[in-house]
Number of protein chains: 2
Amino acid sequence: MNDLTITAAYYRGDKSFAVEETTAQQPGPGEASVRIAYCGICGTDMHVYHGNMDARVGLNRIIGHEMSGIVEALGYGVDSVMVGQKVVVRPLDHCGDCPACDAGHFHICHKLKFLGLDTDGAMQNIWTVPAHTLHVLPDDLRMDHAALIEPVAVACHDVRLSGLRAGENVVVIGGGPIGILVAMVARDAGGSVVVSEVNPNRLAIAQKLGFDTVNPAAADLQAAINARTGNKGADVVFEVSGTQAGVDAMTAVAATRARIVMVAIHAQKPQIDLFQFFWRELRLIGARVYEPEDYEKAISIILSGGVDADTVITDVTPLAEIQKAFEELDSSPTAMKSLIKVGDEA
Amino acid sequence: MNDLTITAAYYRGDKSFAVEETTAQQPGPGEASVRIAYCGICGTDMHVYHGNMDARVGLNRIIGHEMSGIVEALGYGVDSVMVGQKVVVRPLDHCGDCPACDAGHFHICHKLKFLGLDTDGAMQNIWTVPAHTLHVLPDDLRMDHAALIEPVAVACHDVRLSGLRAGENVVVIGGGPIGILVAMVARDAGGSVVVSEVNPNRLAIAQKLGFDTVNPAAADLQAAINARTGNKGADVVFEVSGTQAGVDAMTAVAATRARIVMVAIHAQKPQIDLFQFFWRELRLIGARVYEPEDYEKAISIILSGGVDADTVITDVTPLAEIQKAFEELDSSPTAMKSLIKVGDEA
């Protein structure tokens, strides 16, 4: 393609974005250029907005990675996708030469580049990425719904690593955007799911989505789970709250030999009831991002309606108004997933 | 059998034992009476000696569970063993009617009775137990060595739950009696084992047993493990120290997707670097006591010499001098496993 003028949103620090014209990056060998339809705002993007990641992303970065789009151009040697196909990007680029890559754990590569943080991202009309990161979408998948694939893939990874079996009792601690996706994916896998959340607005959304809920600030969560499970406790627990209270709850509600999946990012080092790990032979499973099969699972679960995309997507804003979208998401008590509509025609 | 006068050692509180004559308990239906040869002193027995478990064991308890013996008498309905066979007792009696038992996790039964703590134990000539707890020994296994089967079964359980594969790098944090057994069982399974320990006497024993060692008070453990593994870290870590420093080390030395087995009993709630669990997808595996297959593995590994019983057993004392044995073990800087020789003829 010739030089192409596009619009991009640059993070400039201090909670501000500048929407400017720029030139689309040409696809090099092994790369593909994707015309972006939608891009969701991730919790990590909110951390960028708040200035917590300036050292990593700088002050001239196009962020965004929860996207959907259409292949626009291909560099040399790319035969895995075709121009015109609907795609999403799995925004991980691994080094191929570290102990994690040697072991086949490419998604937790020691030198992992996260596209849209360590490189420019999807808050621009044309995003050029390594072609190995693309997943082709079914033609009948809606492009706004497809922007949920990345966070749903996180949930699919969490649920897959938990080894959840149909009929097992599940507690999701924390009913924010990721927690509620974990809850939906766990239910889709046959789990009997309770969502624990203190925020009334989030509780209301979880209830609207059909989940049993407990507000641990108002009721005894452990007693509620024991009553529900005949004093067995939960077979699988997802800690998505990132709080000391959540860490306390995760061991309290766990059955003997329960699997506890650590989804949250704990920047502090919380205290953990290790005695319970010994006494009940609990297992703690760290889970980070996703692997290719989690993307394929996420695509199928969104297509099937196993994730209620229309309820999860609470806001859609054009790219020109990205500043307003971040400000509103930052202050909204009811927002779940806010999408930026990047393409005019999407 | 008729009433039989035997000798038993009673824990009387305040670091004291009374060795007295008593009458052997007759085997009821489903029970077997075992003539005890040797009984090791467990770390738990030392906790009893120190008065930390008086509320649980009382002040008239015959303790002891790391034993070997010969079947002396059988109650009605016992056809799993024969009089005269060498045996060990797996000292766990489960309720059969709790969620853990329902799930087949009998060894972590919600109402588990530990024989020798919740009931009288093996520091007496004749010990009567549920016959389902017996494992028959090969005729050529030495009875003093057989008294190590119980603690070795703990180590076999830990190593089995870790999923250790031959060639993997292993760090054992804490080189006390259990740590050193874990190290030997892990080496027997093909692991490349480093023992981390601060006590010079224990370091010397670990080295005598052929292990590479690191003293984390004198050297950088993480750097040592990285150097040994090409910056990969350890595939399997056993935390046996029960200390905050050990908990800090367990995440520091772990490779991506490493399995960390929680062997130690942490009475306090230590701080854990949960971020590393997320970032490297670590797994924490709680492990408590043993299951029948761990006993069978322990029997075979002691018979094969995979555990160097003669080095581990540092003291043997007659039952009449049990008081002295506890006092010496409590003050000895070099003791590993101290056995009580319960039977005169053993």
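Since we're looking at a predicted model, the values are computed, not measured.

Observations concerning the overall build of chain A
- When its secondary structure is counted, chain A shows 13 helices and 17 strands.
- A compact globule built from 346 residues should have a C-alpha radius of gyration of about 20 Å, and chain A, at 20 Å, falls within 12% of that.
- The principal-axis extent of the C-alpha atoms belonging to chain A is close to 65 × 45 × 40 Å.
- Considering only residue pairs separated by 6 or more positions, chain A has 68% of its internal contacts joining residues 24 or more positions apart.

A word on the pattern of salt bridges
- Summed over the entire model, instances satisfying the criterion amount to 35 salt bridges over all chains.
- A salt bridge links A:Glu293 to A:Arg160, with the shortest nitrogen-to-oxygen separation between them at 3.5 Å. Of the two residues, A:Glu293 sits in helix α11 (residues 292-304) while A:Arg160 sits in helix α5 (residues 149-162), which places them 133 residues apart along the sequence.
- The class of A:Arg160 is partly exposed, set by a relative accessible area of 32%.
- Taking the shortest distance from any N to any O, the salt bridge between B:Glu72 and B:Arg35 comes out at 3.0 Å. A residue pair is termed long-range when its members are at least 10 positions apart, and B:Glu72 in strand β4 (residues 66-74) and B:Arg35 in strand β3 (residues 31-40) qualify at 37 residues.
- Look at B:Arg35 and you get partly exposed, because its relative accessible area is 25%.
- Through salt bridges with shared partners, one network takes in A:Arg160, A:Glu291, A:Glu293, A:Asp294, B:Arg257 and B:Glu281.

A closer look at the relation of the copies chain B and chain A
- Between chain B and chain A, which share one sequence, the superposing operator has a rotation angle of 180 degrees and an axial displacement of 0.0 Å; the RMSD is 0.0 Å. Here the copies are linked by what is in effect a two-fold axis. Within chain B, the C-alpha atom positioned nearest to the axis of rotation is that of B:Gln271, 2.1 Å from it.
- An overlap of 100% is found between the interface residues of chain B and their copies at the interface of chain A, pointing to a shared contact surface.

Quick notes on the sheet that holds strand β15 (residues 283-286) of chain B
- The strand order across the open sheet built from 12 strands is β12(A)-β11(A)-β10(A)-β13(A)-β14(A)-β15(A)-β15(B)-β14(B)-β13(B)-β10(B)-β11(B)-β12(B), with neighbouring strands paired in mixed fashion. Looking at the sheet topology across the chains shown, the edges are occupied by β12 (212-214) of chain A together with β12 (212-214) of chain B. With strand direction ignored, the average angle separating the axes of adjacent strands in the sheet is 20 degrees.
- One ladder, built from 5 bridges, connects strand β10 (residues 169-173) of chain B with strand β11 (residues 192-196) of chain B; its direction is parallel. Note on β11(B): the bridge partner recorded for B:Val172 is B:Val195.
- Contacts from α5(A) reach β13 (234-239), β14 (254-262) and β15 (283-286) of chain A together with β14 (254-262) and β15 of chain B, with the element oriented near 145 degrees to β13(A).
- Lying over the sheet, helix α9 (residues 244-252) of chain B contacts β10, β13 (234-239), β14 and β15 of chain B, oriented at roughly 145 degrees with respect to β14(B).

Considering the domain arrangement of chain A
All names here are of chain A.
- Domain boundaries assigned for chain A yield domain 1 (5-148 + 307-341) and domain 2 (152-286).
- On a C-alpha basis, the centroid separation for the pair domain 1 and domain 2 is 29 Å.
- Tallying the contact residues gives 9 residues for domain 1 and 14 residues for domain 2.
- For the domain 1 and domain 2 pair, buried surface summed over both sides reaches about 1,000 Å², with 75% attributable to carbon and sulfur atoms.
- For the pair domain 1 and domain 2, the interface holds 0 salt bridges.
- For the pair domain 1 and domain 2, the number of links is 2 residue pairs in polar contact (both at pLDDT 80 or more).
- Partitioning the side of domain 1 that touches domain 2 into residue classes produces 5 nonpolar, 3 polar and 1 charged.

Concerning the environment of A:Leu319
Residues and elements named next belong to chain A.
- One can find Leu 319 in the loop between β16 (313-318) and α13 (322-331).
- Distance from Leu 319 to Cys 42, taken between C-alpha atoms, is 15 Å for residues 277 residues apart in sequence.
- The residues touching Leu 319, leaving out its near neighbours within four places in the chain, are Thr 7, Ala 9, Val 19, Met 123, Gln 124, Ile 340, Lys 341 and Val 342.

Topic: the pairing of strand β8 (residues 126-130) of chain B
Residue and element names in this part refer to chain B.
- A large share of β8 lies buried, amounting to 5 of its 5 residues.
- Relative to β8, β3 is paired through 5 bridges, and the arrangement is antiparallel. Counted as the bridge partner of Glu 31 is Pro 130 from β8.

Topic: the interface of chain B and chain A
- In this complex, chain B contributes 39 residues to the contact, which on the side of chain A involves 39 residues.
- Buried area between chain B and chain A, both sides added, is near 3,800 Å², and the carbon and sulfur share of it is 61%.
- At the junction of chain B with chain A, the criterion picks out 2 salt bridges.
- For B:Glu291, the salt bridge is made with A:Arg257, and the minimal N-O distance between the two is 3.1 Å.
- On inspection of chain B and its partner chain A, the count reaches 17 residue pairs in polar contact (both at pLDDT 80 or more).

Digging into the packing of α5(A) against α11(A)
Residues and elements named next belong to chain A.
- Where α5 meets α11, the closest approach of the two axes is 8 Å, and the angle between their N-to-C directions is 115 degrees. Our classification of the angle between α5 and α11 gives roughly perpendicular. In the crossing of α5 with α11, the sense of the turn from one axis to the other is right-handed. Contacts from Ile 149, Glu 150, Val 152, Ala 153, Cys 156, His 157 and Arg 160 in α5 reach Glu 293, Asp 294, Tyr 295, Lys 297, Ala 298, Ile 299, Ile 301 and Ile 302 in α11.
- For the contact of α5 with α11, a count of residues per class yields 9 nonpolar, 1 polar and 5 charged.

Brief notes about helix α7 (residues 200-208) of chain A
Residues and elements named next belong to chain A.
- Within the sequence span of α7, burial applies to Leu 203, Ile 205 and Ala 206. The buried residues of α7 occupy an angular sector of 160 degrees when projected down its axis, which confines them to one face. Seen from the open side of α7, the exposed residues pointing more than 90 degrees away from its buried face are Pro 200 and Lys 208.
- Of the surrounding secondary structure, the elements contacted by the buried residues of α7 are α6 (177-188), β11 (192-196), β12 and α12 (309-312).
- Here α7 starts with a cap whose side-chain oxygen sits 2.7 Å from the backbone nitrogen of Asn 201, and that cap is Asn 199.

Brief notes about the packing of aromatic side chains
- Summed over all chains, the structure comprises 16 aromatic pairs over all chains.
- Pairwise contacts between aromatic rings join A:Tyr11, A:Phe17, A:Tyr49 and A:Phe326 into one cluster.
- For A:Arg187, the ring lying beneath its charged end belongs to A:Phe211, and the centroid distance is 3.9 Å.
- For A:Arg288, the ring lying beneath its charged end belongs to B:Trp279, and the centroid distance is 3.4 Å.

A short note on the confidence of the model for chain A
- Of the residues in chain A, 99% reach a pLDDT of 70 or more, and the chain-wide mean stands at 96.
- Reported confidence for the predicted complex is 0.94 by ipTM and 0.95 by pTM.

How each quantity is defined
- Residues numbered from 1 in each chain as written.
- Chains lettered and ligands numbered in written order.
- Predicted model: local features only at pLDDT ≥ 70, side-chain atom pairs only at ≥ 80, totals over all residues.
- Heavy atoms only, no water.
- Helix = DSSP H or I, 4+ residues; strand = E, 2+ residues; numbered from the N terminus.
- Rg over C-alpha atoms; globule rule 2.2 N^0.38 Å.
- Contact = heavy atoms within 4.5 Å.
- Salt bridge = Lys/Arg side-chain N within 4 Å of Asp/Glu carboxyl O.
- Buried < 20%, exposed > 50% of the residue type's maximum accessible area, 1.4 Å probe, protein only.
- Least-squares fit on C-alpha atoms with pLDDT ≥ 70 in both.
- Pairing = 2+ DSSP bridges.
- Axes fitted to C-alpha atoms, helices over the stretch in contact; angles between N-to-C directions.
- Domains from an automatic or database assignment.
- Buried area = accessible area lost by both parts, 1.4 Å probe.
- Polar contact = N/O pair within 3.5 Å; in protein donor to acceptor, adjacent residues only side chain to side chain.
- Nonpolar A, V, L, I, M, F, W, Y, C, P; charged D, E, K, R; others polar.
- Parallel < 35°, antiparallel > 145°, perpendicular 65-115°, else oblique.
- Left-handed = near helix turned anticlockwise from the far one by under 90°.
- Arc of directions from axis to C-beta.
- Phe/Tyr/Trp six-rings, centres within 6.5 Å; stacked < 30°, edge-to-face > 60°.
- Lys NZ or Arg CZ within 6 Å of the ring centre and 35° of its normal.
- pLDDT = per-residue confidence, 0-100.

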